[in-house]
Structure formats: structure tokens, C-alpha cells
Amino acid sequence: MVMSPQTPTKIETLGLEVFYDTQQALFGIDTVIPSNQVTALIGPSGCGKSTYLRSLNRMNDIIENTQVKGIVKIDGTDIYTNGTDLADLRRRVGMVFQKSNPFPKSIYENVVYGPKIHGVKDRQTLDELVETSLIGAGLWSEVKDRLDKSALELSGGQQQRLCIARALAVEPEILLMDEPASALDPKSTARIEDLIGELRVNYTIVIVTHNMQQAARVSDFTAFFYEGHLIEFGDTQTIFTKPLNQQTEDYITGRFG
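Described below are features of the structure shown in this document. (Residues numbered from 1 in each chain as written. Predicted model: local features only at pLDDT ≥ 70, side-chain atom pairs only at ≥ 80, totals over all residues. Heavy atoms only, no water.)

## Thoughts on the packing of helix α3 (residues 107-117) against helix α4 (residues 123-136)
Alright, step 1. Two numbers describe how α3 lies on α4: the axes approach to 9 Å, and their chain directions differ by 110 degrees. Compared by their axis directions, α3 and α4 come out roughly perpendicular. The two elements α3 and α4 meet at a crossing, and its hand is right-handed. When α3 is examined against α4, the residues Ile107, Tyr108, Val111, Val112, Pro115 and Lys116 are found in contact with a partner set consisting of Arg123, Leu126, Asp127, Leu129, Val130, Ser133 and Leu134.
Alright, step 2. When grouped by side-chain class, the residues that make up the contact of α3 with α4 number 9 nonpolar, 1 polar and 3 charged. (Axes fitted to C-alpha atoms, helices over the stretch in contact; angles between N-to-C directions. Helix = DSSP H or I, 4+ residues; strand = E, 2+ residues; numbered from the N terminus. Parallel < 35°, antiparallel > 145°, perpendicular 65-115°, else oblique. Left-handed = near helix turned anticlockwise from the far one by under 90°. Contact = heavy atoms within 4.5 Å. Nonpolar A, V, L, I, M, F, W, Y, C, P; charged D, E, K, R; others polar.)

## Quick notes on the packing of α4 against helix α6 (residues 156-168)
Alright, step 1. Their axes nearest at 8 Å, the elements α4 and α6 cross at an angle of 130 degrees. Between α4 and α6, the crossing angle belongs to the class labelled oblique. Two packed elements cross with a definite hand, and for α4 against α6 that hand is right-handed. Packed against α4, whose contacting residues are Ser133, Leu134 and Gly136, the element α6 presents Leu162, Ala165 and Leu168 at the interface.
Alright, step 2. Residues that form the contact of α4 with α6 fall into these classes: 4 nonpolar, 2 polar and no charged.

## Comments concerning the packing of aromatic side chains
Alright, step 1. Tallied over the entire structure, the rule returns 3 aromatic pairs.
Alright, step 2. Between Tyr52 and Phe225 the ring centres are 5.4 Å apart and the planes differ by 45 degrees, which places this aromatic pair in the tilted class. With Tyr52 in helix α1 (residues 49-55) and Phe225 in strand β9 (residues 221-226), this residue pair connects regions lying 173 residues apart in the sequence. Each member of the pair Tyr52 and Phe225 is classed as buried. (Phe/Tyr/Trp six-rings, centres within 6.5 Å; stacked < 30°, edge-to-face > 60°. Buried < 20%, exposed > 50% of the residue type's maximum accessible area, 1.4 Å probe, protein only.)

## Things to note about the nonpolar core
Note on soluble globular proteins: their nonpolar side chains tend to be buried together.
Alright, step 1. By size, the foremost hydrophobic cluster in this structure holds 42 residues, and its most contacted members are Leu134, Ile164, Met177 and Leu199.
Alright, step 2. Of all the elements, α6 adds the most residues to this core, at 5 residues.
Alright, step 3. Discounting residues that sit within four places of it in the chain, Ile164 has contacts with Val96, Ala137, Met177, Ile192, Leu195 and Leu199.
Alright, step 4. With 27 residues, the next largest nonpolar core counts Ile29, Tyr80, Ile174 and Val206 among its residues. (Core = buried A, V, L, I, M, F, W, Y, C linked by side-chain atoms within 4.5 Å.)

## Comments concerning the side chain of Ser106
Alright, step 1. Looking at the secondary structure, you find Ser106 in the loop between β6 (93-96) and α3.
Alright, step 2. Here Ser106 falls in the buried class, since its relative accessible area comes to 15%.
Alright, step 3. In contact with Ser106, other than residues within four places in its own chain, are Leu147, Asp148, Lys149, Ser150 and Ala151.

## A word on helix α7 (residues 186-199)
Alright, step 1. The end-to-end C-alpha separation of α7 is 20 Å, in line with the 20 Å expected for 14 residues at 1.5 Å each.
Alright, step 2. Contacts made by the buried residues of α7 are with β3 (38-42), α4, α6, β7 (174-178), β8 (204-208) and α8 (212-218).
Alright, step 3. Sitting at the amino-terminal end of α7 is Asp185, which places a side-chain oxygen 3.0 Å from the backbone nitrogen of Lys187. (Expected span 1.5 Å × (residues − 1). Polar contact = N/O pair within 3.5 Å; in protein donor to acceptor, adjacent residues only side chain to side chain.)

## Let's talk about the sheet that holds β8
Alright, step 1. Read from one edge to the other, the open sheet built from 6 strands follows the order β6-β7-β8-β3-β9-β10, with strand pairing classed as mixed. In the strand order of this sheet, the two ends are held by β6 and β10 (229-235), each with one partner. Neighbouring strand axes in the sheet, compared pairwise and without regard to direction, differ in orientation by 15 degrees on average.
Alright, step 2. Pairing of β6 with β7, which is carried by 4 bridges, proceeds in the parallel orientation. Looking at the pairing, Val96 lines up with Met177 of β7.
Alright, step 3. The sheet contacts of α6 involve β6 and β7, and relative to β6 the element is tilted by about 170 degrees. (Pairing = 2+ DSSP bridges.)

## Digging into the environment of Phe19
Alright, step 1. Among the structural elements, Phe19 can be located in strand β1 (residues 9-20).
Alright, step 2. Accessibility expressed as a relative area gives 13% for Phe19, which makes it buried.
Alright, step 3. Separated by 153 residues in the primary sequence, Phe19 and Pro172 have C-alpha atoms spaced 28 Å apart.
Alright, step 4. In contact with Phe19, not counting residues within four places along its chain, are Gln24, Ala25, Asn65, Thr66, Gln67 and Lys69.

Right, here's the structure in full:
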């Protein structure tokens, strides 16, 4: 993987393997993901992208009969060691899903849900978190006068940005995004892509996408997965213009997948 010497590592996996019961989903994945960059995970359906993504905040733990082998380090610490505080891990490593999933509550209550769980009760602090998070998600100007309205009244694109604001409200270091724009119209998709570019200043972002053009537009680094194996990992420009692996080139040019 090509990184500048000035780019510190945020996430590292060593020999990562994931099994769902007896079926192996990932095979010996070694990756180095840099801080404050966008890393895109590409590959055909069922190739292990989302499994890899969920490994980074141990969301696979909630799937019955899942076994994880290998090492996943965040800031040099293995998150799979005994004693890892999962609540704190998932605060540090936020997640935005493919389908927007706002709670059937007000816009305000959606954003403060996480901070309240983590013990924040002061109203002024919560108010500031709501404003900061909605600004960060590019939604504040659209909803600041109706924070008490139901989140379900928002458009699909606004709901997805609200889910991003909800993730930002607990002040994470890493944002995992699983196809965050696949259910949105082109205008909303463009807004999410612009937002990803803005968020990379403060967050390390890992995004799963089936959209090759989107991966090329938004990411600094790209990982190509196929049948549970990491085929190639490097800076996005190289992956899309001069991939080292023929299989990568065949996928990117549409010859399969």
C-alpha cells in the first residue's frame, strides 16, 4: 500500500479471518488504513467487504456462531483482546448503514440519543452537540427551525445525513459507511459524496461501495476484495489507472462482477 511518510496508521489488520459457522468469509486479510483518509472497499456482492467493515467495530459479534481470528488494531491496540470495552469501541468507531434508519423520534432526540446513553445530560452541552453534529453532516441549515419535528418527515437524503449526524454526536474517530448512498437519488448521492470529502479532515473513513465511479471520486485508497480475499490495496489513482493485478483490472473495467 502506498502512503506518504506523513500519514500515520489508524487501523491495521493482520491475518484477519472471519467464519460464519463453518463458512469462511475472510481469508488472512492484511491491511493498513491511514488516518484522516477515505478508504473504499470494492468488489462483487458477497466478496467480504461488509464482513471486513463490521470487523472494525466488532459488529460481527452480534451474529450468531461467528468466529474471528487474527488481529485488528486501532491506534496500535488490538480490539479483539479480552477486556475490550465494546461500548467505547463503537463510540470511537461509528457506523452508517446502507438504509437510513432514523429513530421514530424528533430530529433533536435522534442526534442526542448516543450522547445520552454515554451519560451526557446537561442541556446546553446537548444543544451544542446537536448543532455541531448537524453542521458536520451538512444538515443544520435545513432543519435548525424544526428540531422538534419527527425525523421520519425528512427526505431520504436528509434522513441519511441525520444518521451521519447521529454517528458524529458521540465524537468518534472513525466512520464506517456501508453503501451510504445506494438508496438515494443522484442529487442526494452527490451531497453525501461532498460530505465525505469534508469529513475526512476530522475522521478516518472506510466506505463500502459497489459504484466504481463513486469509489474513484471519494476515496484516497481502495481495497479490492474477491471471494473473501484481498486482491489488491493501494492508492485509488493507481488502483483505477495502473492496477498491479489483472483481476483488479478486469473488475474495474467491467469484465466481471
